[in-house]
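Read off the chains here:
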Amino acid sequence: MPGLPEPKPATYDDLRALPENVTGEILHGELHVSPRPAPPHAFAGSGLGADLHGAFHRKPGGPHGPGGWWIIDEPELHYGRHVLVPDLAGWRRERMPHYPPTPYFELAPDWVCEVVSPSSQRRDRVVKMALYGEFGVRFLWLVDPLQRTVEAFERDGERWVLAGVAVQDETEGRLPPFDAVALDVTRWWEGAPPA
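Parameters at a glance
- Residues numbered from 1 in each chain as written.
- Predicted model: local features only at pLDDT ≥ 70, side-chain atom pairs only at ≥ 80, totals over all residues.
- Heavy atoms only, no water.
- Helix = DSSP H or I, 4+ residues; strand = E, 2+ residues; numbered from the N terminus.
- Contact = heavy atoms within 4.5 Å.
- Pairing = 2+ DSSP bridges.
- Axes fitted to C-alpha atoms, helices over the stretch in contact; angles between N-to-C directions.
- Salt bridge = Lys/Arg side-chain N within 4 Å of Asp/Glu carboxyl O.
- Buried < 20%, exposed > 50% of the residue type's maximum accessible area, 1.4 Å probe, protein only.

Participant: Would you explain the environment of valine 83 in this entry?
Facilitator: Along the chain, valine 83 falls in strand 5 (residues 82-84). It is 21 Å that separates the C-alpha atoms of valine 83 and arginine 95, two residues lying twelve residues apart in sequence. When residues no more than four places from it in sequence are discounted, the contact partners of valine 83 are Tyr12, Leu15, Glu25, Ile26, Leu27, Glu76, Leu77 and His78.

What follows is the structure, given as structure tokens:
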């Protein structure tokens, strides 16, 4: 309506005032609040994180996997006026030898993962995907535990390109940038009701 003042952009204080049982993000000046993940999403994210953590979250080399990464659950990423919280993110240790002393990260991850839900689908696929590209993220996974799919995207200049897909009952999925290890994606939806 004419004459109404523009809404005030959300601030970091708005995020800090949120209750602990929700996740808040600031995207294009707007505060977005999400509930904690539902069981299928929590199980998929936990399974995926455990698999990647075991093989990659260690110094390079060794008997348990190639290593060379930091894999972190729900890191807070600061990108200009935006605050994003992916479900998982990873940094190559050569780019980030040590964690920052802050409660957030300003260095773009090399990889992010969003476990999408019907309520977050548009925000994850449209708004956050574009911001991750601007932020300099090179790899992005969208995991849909209800459809039992994993889409792996790689940044190619100004656009995201689908670099791989793992579906439902795939036990040897190899998805960049973690294609050095075959992933059994069936473990990520194990115990969930039939799709």
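And the narrative resumes.
Participant: I tried to follow the sheet that holds strand 8 (residues 139-144) on my own but got confused; where do I start?
Facilitator: The six strands are arranged 3-6-7-8-9-10 in an open sheet whose pairing can be described as mixed. Whereas interior strands pair on both sides, the edge strands pair on one side only; in this sheet they are strand 3 (69-73) and strand 10 (159-167). Strand-to-strand twist of the sheet, defined as the mean angle between neighbouring strand axes without regard to direction, takes the value 15 degrees. Across six bridges, strand 8 lies against strand 9 (residues 149-156) in antiparallel orientation. Pairing of phenylalanine 139 across the sheet is with glutamate 154, part of strand 9. The sheet contacts of helix 2 (residues 39-56) involve strand 3, strand 6 (88-92), strand 7 (111-115) and strand 8, and relative to strand 7 the element is tilted by about 155 degrees.

Participant: What is the right way to read the pattern of salt bridges from this model?
Facilitator: Here the idea is simple: oppositely charged side chains can pair when their charged atoms come close. On inspection of all chains with the given rule, the structure shows eight salt bridges. A salt bridge links aspartate 51 to arginine 187; the nearest nitrogen and oxygen atoms lie 2.3 Å apart. Taken as a pair, aspartate 51 in helix 2 and arginine 187 in helix 4 (residues 186-189) lie far apart in primary sequence, 136 residues in all. When the shortest N-O distance is used, the salt bridge between aspartate 156 and arginine 159 registers 3.7 Å. With relative accessibility at 52%, the residue arginine 159 sits in the exposed group. By sharing partners, the salt bridges in this structure join Glu25, Glu114 and Lys128 into a single network.

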